[in-house]
Amino acid sequence: MRKETPLPSSSVPGGAAPPLAKFVSSCFEKKPLFLTLLALTFVMLVWNLPPYYQTLLSSSSCSASLAAATSAVSNITSLPLTASPLPLKQQKLSSSPKPDPNKRVFQSYGNAAALFVQMGAYRGGPKTFAVVGLASKPIHVYGRPWFKCEWISTNGSSLRALAYKMLPDWGYGRVYTVVVVNCTFPVNPNHDNSGGKLTVNAYYGDNPRKFEKFTALEEAPGSYNESKFHPPYDYEYLYCGSSLYGNLSASRIKEWMAYHAWFFGPKSHFVFHDAGGVSPEARAVLEPWVKAGRATIQDIKDQAEFDGYYYNQFLVVNDCLHKYRYAANWTFYFDVDEYIYLPDGNTLESVLNEFSDYTQFTIEQNPMSSALCLNDSTQDYSRQWGFEKLLFRDSRTGLRRDRKYAIQAKQAYATGVHMSENVAGKTLHKTEDKIRYYHYHNSITVPGEVCRELVPMSAKNNFTMYNNLPYVFDDNMKKLASTVKEFERKTVGDVQTPQPAHINIPRHT
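A quick note: this is a predicted structure, and the numbers were derived from the prediction, not measured. (Residues numbered from 1 in each chain as written. Predicted model: local features only at pLDDT ≥ 70, side-chain atom pairs only at ≥ 80, totals over all residues. Heavy atoms only, no water.)

> Explain the state of the cysteines to me, and be specific about the residues and the numbers.
Applying the stated rule across the entire model yields 3 disulfides. Paired by a disulfide, Cys149 and Cys183 hold their sulfur atoms 1.9 Å apart. Judged by the sign of its S-S torsion, about -55 degrees, the cystine formed by Cys149 and Cys183 is left-handed. Of this pair, Cys149 sits in strand S3 (residues 146-153) while Cys183 sits in strand S5 (residues 176-184), and the two are 34 residues apart along the sequence. Residue Cys149 is classed as buried on the basis of its relative accessible area, which comes to 1%. Cys183 sits in the buried class, given a relative accessible area of 0%. Disulfide connectivity for the protein chain, with bonded cysteines indexed by sequence position, reads 1-2, 3-4, 5-6. (Disulfide = S-S within 2.5 Å. Helix = DSSP H or I, 4+ residues; strand = E, 2+ residues; numbered from the N terminus. Buried < 20%, exposed > 50% of the residue type's maximum accessible area, 1.4 Å probe, protein only.)

As structure tokens, this is what we get:
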């Protein structure tokens, strides 16, 4: 049988198309739809370009490119495809808000003052701690900073407590103010003596998420000793000195130290704070007392980095209060140009026994001239101590003068220069018949001879007017000079100081 060659499907009426023919036909039929979808995909891709790439293309070039592409696709597919999304995008870009030239921006750089500057942290008892430092004064005056305390034990447990802050500088602070943070826990956080650390959160304001956290104090395992919080204490009397600054006279420091070591007796200790005023000569006259265990000199010259009141003396006295809170029965606060004196044969022990029911008592001053001396040819003033020859007291009465004070530190939470306002217990002011202090104002900074004006011998029995102020003769301190000198010689030996050069002293008539 002869096989006939099959005819092409196009020429076979009603015949089935071969596979190749179907594919070609299908391709040509679907090409317009494919190109349309391709064009739409391209438009959507451009529409969703990230802003970074959009900035690389100007709106005009984008419009031209899109319009050309749309036109080409439209010609190929003969479909009414347009670039209608483009104007919407341009409208979106043009609707972005322009910067307001009147909207001011405030850029901050650095910090003017620290949130907290710690000087010391101490146990105030089994359950309480004190953290002493400085802080930005505007924050505490105009803001609402606060503190929180936490004890973290070495065994992993922790205990938290809210803190109570005190600002004891009476508003005298400058850039910095003094802050004493009291942390009191419901129980002794180191009751098992396992050791741990006290951490403090210092908050900038009401926002509890904005704070600085620091470790204020650490206790090694086995170091807690509760007996130190109960008498007998190491000393009967402690002296907490304010900041020593300026050019202090080594001779006056020597005399002051010898007098008060004698006055307070062997169960006393003196803490000095060197803010730049303890020269090598001044240190030399204090060193024998340091070696004898009667005095301590702390270097606080770094306080100059923080602008507080008067060499940060409020900070210093508060640190001393808490550092030595349980070191003595009574802590005294006065300056190195001031001498404590007991009138009418009183003894220090009897006076303080009488004042024992009070937490603190203030002391009235006898203001002395730091220039007037008697014109007595029998006296060799170059060999005499300052309080031995400055014998004229300001006789004005009824004036309010600065007072100094003594305090039972274990009853105080913070303190000041002239008294404390943060105590538990009573304060006594009427003490002038029992205890006073002689104040030789500015004599501590006089180089060489302090006798700068001589008055006639008749001034011993009369009023003397000097710089329009009335003075009377007062030799109470002079009567003690020989006793104090002998005490010094027996206790630390002869402490030598440079002798002042001879000068001609003017006579006062």
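> Any chance you could break down the environment of Gly222 for me, citing the residues and the numbers?
Its place among the elements puts Gly222 in the loop between strand S7 (211-219) and strand S8 (235-244). Separated by 27 residues in sequence, Gly222 and Gly195 place their C-alpha atoms 6.7 Å apart.

> With reference to specific residues and values, describe the pairing of strand S2 (residues 128-136).
Of all 9 residues in S2, 9 are buried; the element is thus mostly enclosed. Here 6 bridges tie strand S1 (residues 117-123) to S2, and the two strands are oriented antiparallel to one another. Bridging across to S2, Tyr122 finds its partner in Ala130. With 9 bridges connecting them, S2 and S5 associate as antiparallel partners. Bridging from a neighbouring strand, Ala130 pairs with Asn182 of S5. (Pairing = 2+ DSSP bridges.)

> Quick one: what's the story with the sheet that holds strand S4 (residues 158-166), residue by residue and with numbers?
Read from one edge of the open sheet, 7 strands run S1-S2-S5-S4-S3-S6-S7, paired in antiparallel fashion. Only two strands of the sheet have a single partner each, and these edge strands are S1 and S7. The mean inter-strand angle of the sheet, taken between neighbouring strand axes irrespective of direction, is 25 degrees. Direction of pairing for S4 relative to S5: antiparallel, over a ladder of 4 bridges. Paired with Ala163 across the two strands is Cys183, which belongs to S5. (Axes fitted to C-alpha atoms, helices over the stretch in contact; angles between N-to-C directions.)

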